[in-house]
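Here are the chains, one letter per residue:
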Amino acid sequence: MFPLLATTVVTSAVDSLNPIAITQQFVLQGLVKKAYHIWYFIISIAITNFTWGLLAYFGLAALLGRFMRDFLERYATLLFGIEALSGVGCMIAFLIIIRKLRATPAAEASEEEEENSQSAFRAKSVSPAALTGLGVLATLSELTTALPYFAFIAILCNYTLSVAQTVFILIVYNIIYSLPLMIMYFVYIKSRQHFDSFYLLIKSNISKWSAVLVPGLVGALGLVLLGHSASFFLG
């Protein structure tokens with residue numbers, strides 16, 4: 001059992017150095033209404049990773065994968081149709097945003113954006129539900145490239161463990177995996193004033209470019225959705 005625990009500690013420590021999750025938390029930490037709300041993000045990542053580990057260990061992940069492939073094949077036309085409509089919606093939103101920006105005087109828009117930026121920062125409106133959803137989605141999106149985790153699951157499958165032992169090992173793994181995020185929270189609490197000043201500086205700079213970034217991103221998303229759906233209907 002000791003070799004397995006040692007492998008768990010080493011592999012999870014390597015896997016915990018996740019720049020994407022750390023960057024996401026760094027940004028989100030300055031946008032929550034209450035500092036401790038960031039635990040919704042941290043815990044949702046750990047639970048999602050833990051749940052997927054259980055599914056993979058007991059072979060349910062492969063079964064779920066086959067179900068998803070069958071579902072996509074059966075309802076492909078409907079799904080790509082929804083994607084095409086979403087692309088059209090994004091392009092309409094892009095045109096509406098451009099029209100509003102042209103109708104608003106530059107000076108007035110700049111003052112309004114600055115005021116909205118500062119009030120939004122003070123409100124810190126990222127809700128616990130949104131943090132939980134972001135944590136789940138972030139973890140699921142990274143599972144396809146989670147090589148250390150899948151390597152660990154493969155090692156784990158070589159041992160004959162009870163359900164309780166498997167759950168214990170995966171809990172240890174995911175606690176260590178989430179440790180950098182926990183440390184970041186406590187560092188933030190210790191130096192909150194400096195962090196908040198930095199967040200405000202970033203947000204004020206972003207607001208200056210929002211007139212270009214927002215319509216650009218919406219338009220680009222619309223083109224990607226339309227292009228991907230067109231490849232299905234025309235291919």
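What counts, and where the lines are drawn
Residues numbered from 1 in each chain as written. Predicted model: local features only at pLDDT ≥ 70, side-chain atom pairs only at ≥ 80, totals over all residues. Heavy atoms only, no water. Helix = DSSP H or I, 4+ residues; strand = E, 2+ residues; numbered from the N terminus. Buried < 20%, exposed > 50% of the residue type's maximum accessible area, 1.4 Å probe, protein only. Areas by Shrake-Rupley, 256 points an atom, 1.4 Å probe, with all protein chains shown as cover. Core = buried A, V, L, I, M, F, W, Y, C linked by side-chain atoms within 4.5 Å. Contact = heavy atoms within 4.5 Å. Phe/Tyr/Trp six-rings, centres within 6.5 Å; stacked < 30°, edge-to-face > 60°. Axes fitted to C-alpha atoms, helices over the stretch in contact; angles between N-to-C directions. Parallel < 35°, antiparallel > 145°, perpendicular 65-115°, else oblique. Left-handed = near helix turned anticlockwise from the far one by under 90°. Expected span 1.5 Å × (residues − 1). Polar contact = N/O pair within 3.5 Å; in protein donor to acceptor, adjacent residues only side chain to side chain. Nonpolar A, V, L, I, M, F, W, Y, C, P; charged D, E, K, R; others polar. Patch = residues over 30% accessible without salt bridge, like charges linked within 9 Å, V, L, I, M, F, W, Y side chains within 5 Å. Salt bridge = Lys/Arg side-chain N within 4 Å of Asp/Glu carboxyl O.

(A) Broad picture of the overall build of the protein chain. Looking only at helices and strands, the protein chain features eleven helices and zero strands. Ordered by position from N to C terminus, the α and β elements of the protein chain give α-α-α-α-α-α-α-α-α-α-α. Across the 235 residues of the protein chain, 31% fall into the buried class. A total accessible area of about 14300 Å² is found for the protein chain, and carbon and sulfur atoms account for 72% of it.

(B) Region of the structure containing the nonpolar core. The biggest cluster of nonpolar side chains holds 28 residues, and the ones touching the most others in it are Ile38, Leu131, Tyr149, Phe152, Leu156 and Leu170. Among the secondary structure elements, those contributing two or more residues to this core are helix H2 (19–29), helix H3 (38–57), helix H8 (147–156), helix H9 (163–177) and helix H10 (179–190). No other element matches H3, which puts six residues into this core. If near-sequence neighbours (up to four positions away) are discounted, phenylalanine 152 is found in contact with Thr7, Thr8, Thr11, Ile169, Leu170 and Tyr173.

(C) Summary view of the packing of aromatic side chains. Across all of its chains, the model carries eight aromatic pairs by this definition. Ring geometry for phenylalanine 80 against phenylalanine 232: centres 4.3 Å apart, planes inclined by 5 degrees, an arrangement best described as stacked. With phenylalanine 80 in helix H5 (residues 76–103) and phenylalanine 232 in helix H11 (residues 192–234), this pair connects stretches of sequence that are 152 residues apart. By relative accessible area, phenylalanine 232 is classed as partly exposed at 31%.

(D) Representation of the packing of H8 against H9 within the structure. Following both chains from N to C, one finds H8 and H9 inclined at 155 degrees, their axes separated by 12 Å at the closest point. Considering the angle they form, H8 stands roughly antiparallel to H9. By crossing handedness, the relation of H8 to H9 is classed as right-handed. The residues of H9 that touch H8, namely those facing Pro148, Tyr149, Phe152, Ile153 and Leu156, are Thr166, Ile169, Leu170, Tyr173 and Asn174.

(E) Local environment of H5. Between its first and last C-alpha, H5 extends 41 Å over 28 residues, near the 40 Å set by a 1.5 Å rise per residue. Burial in H5 covers these residues: Ala76, Glu83, Ala84, Gly87 and Cys90.

(F) Main features of H3. Compared with an ideal rise of 1.5 Å per residue, which puts 20 residues at 28 Å, H3 spans 29 Å between its outermost C-alpha atoms and is within 8% of the ideal. What H3 keeps buried is the set Ile38, Phe41, Ile42, Ser44, Ile45, Ala46, Thr48, Asn49, Phe50, Gly53 and Tyr57.

(G) Examining the side chain of serine 12 more closely. Looking at the secondary structure, you find serine 12 in helix H1 (residues 2–15). Within the structure, the side chain of serine 12 is placed 3.1 Å from the backbone oxygen of valine 9, a separation counted as a polar contact.

(H) Region of the structure containing the environment of valine 218. Structurally, the position occupied by valine 218 is in helix H11. With 129 residues separating them along the chain, valine 218 and glycine 89 place their C-alpha atoms 9.6 Å apart. Here valine 218 is in contact with Cys90, Ala93, Phe94 and Ile97, once residues within four sequence places are set aside.

(I) Just the packing of H3 against H8, in detail. Axis separation between H3 and H8 bottoms out at 10 Å; the angle between their running directions is 45 degrees. When the axes of H3 and H8 are compared, the pair comes out oblique. Handedness of the H3/H8 crossing: right-handed. Every residue of H8 that contacts H3 at Asn49, Phe50, Trp52, Gly53, Ala56 and Tyr57 is listed here: Tyr149, Phe150, Ile153 and Leu156. Residues belonging to the contact of H3 with H8 are distributed by class as follows: eight nonpolar, two polar and no charged.

(J) Geometry of a nonpolar patch on the surface. A cluster of nonpolar side chains, Phe67, Phe71, Leu72, Tyr75, Leu78 and Ile82, forms an exposed patch at the surface whose accessible area comes to about 580 Å². Broken down by secondary-structure element, the contributors of at least two residues to the nonpolar patch are helix H4 (60–74) and H5. The greatest single-element share of the nonpolar patch, amounting to three residues, is contributed by H4. Examined against the element boundaries, phenylalanine 67 turns out to sit in helix H4.

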